[in-house]
Every structure is written in C-alpha cells, then in structure tokens.
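These are the residues of each chain, in order.
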Amino acid sequence: EQLVDLYAELAASRWLRMIVQPFREEDMAAGCELLREKCTELRLVLDAGAPDAPHEAPPGAAYGCSLCLAGSAPEALAAYAELAPRWRDTAGCALFGRLH
C-alpha cells in the first residue's frame, strides 16, 4: 500500500500518465486494482518481457500489456493483430507491441 500511495502522490500532479511494471508480477493484479481506485486516468502496463511470455489478459485486469514481439515486422504485426483483441477489455491501455 505504501507503493500505491507513492504512485498516487506522483500522479496527482498529472505529469505522470503511465507506469510500466508498477508492481512485482505476483502483486500486479492487486496493486493495480488499488492504484486504479485512486488514479482512474493513470495507465498501468505489465511488461511481459520475452517473446514467449504469456499473452492472455487476466479477466478484469486493471492494467494493459507491453509485449516483446519477435520476428520480422510483418510477423510481429500479425502477432499483434492476433493478440490485441485479447487485451481490449482491460482497464489498462490495451496492448503495446515492440520488436525484439
């Protein structure tokens, strides 16, 4: 809860709009839910890391996801197009993709 309060204090000035990996993976769901209650406009993003990371959105997630997409640009775009709908209903900012 101290980290949630710190993020909320930083976000109060409105210069902070997005936090990538705000909590440890095991605390991500609960931490983001608490933070979302205090800062509804703050974007929260899970950094999924490696290309083989899980790509499914947890039901009712309070965060979006940043995926590392491997392969060529067309392959990465195809992977993104396949995965994006799975993150559409999250309370975060859907899905970001970056090439590996």
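Whatever comes next refers back to the structure up there.
Not measured: the values here are computed from a predicted model. Here the residue numbering is sequential within each chain, running from 1 through the sequence in written order. At least 70 in pLDDT is required for a residue's local features to be given in this predicted model, at least 80 for side-chain atom pairs to be given and counted, and no such filter applies to totals for whole chains, interfaces and linings, which use all residues. Side-chain descriptors were evaluated using all non-hydrogen atoms of the structure, hydrogens and water having been removed beforehand.

## Digging into the nonpolar core
Residues belong to a common nonpolar core when they are buried Ala, Val, Leu, Ile, Met, Phe, Trp, Tyr or Cys residues joined through side-chain atoms within 4.5 Å. When accessible area is computed with a 1.4 Å probe and restricted to protein chains, residues below 20% of their type maximum are described as buried, those above 50% as exposed, and intermediate ones as partly exposed. Counting residues in each nonpolar core, the largest one holds 25 residues, and the members touching the most others are Ile19, Phe23, Cys32, Leu35, Leu42, Leu44 and Tyr63. To qualify as a helix, a DSSP run of H or I must reach at least 4 residues; to qualify as a strand, a run of E must reach at least 2; elements of each kind are numbered from the N terminus. Contributing elements (two or more residues each) for this core: helix H1 (2–12), helix H2 (28–38), strand S2 (43–47), strand S3 (64–69) and helix H3 (73–87). Here the element with the most residues in this core is H1; it accounts for 4 residues. Any two residues whose heavy atoms approach within 4.5 Å are treated as being in contact. Apart from the residues within four sequence positions on either side, Ile19 is in contact with Tyr7, Leu35, Leu42, Arg43, Leu44 and Val45.

## Re the pattern of salt bridges
Put simply, a salt bridge is a Lys or Arg side-chain nitrogen that is within 4 Å of an Asp or Glu carboxyl oxygen. Per the stated rule, a full pass over the model turns up 4 salt bridges. A salt bridge links Arg14 to Glu41; the shortest N-O distance between them is 3.1 Å. In this pair, Arg14 sits in the loop between H1 and strand S1 (18–20) while Glu41 sits in the loop between H2 and S2, placing the two residues 27 residues apart along the sequence. Owing to a relative accessible area of 51%, Glu41 belongs among the exposed residues under this scheme. Salt bridges sharing common partners tie together Arg24, Glu26 and Asp27.

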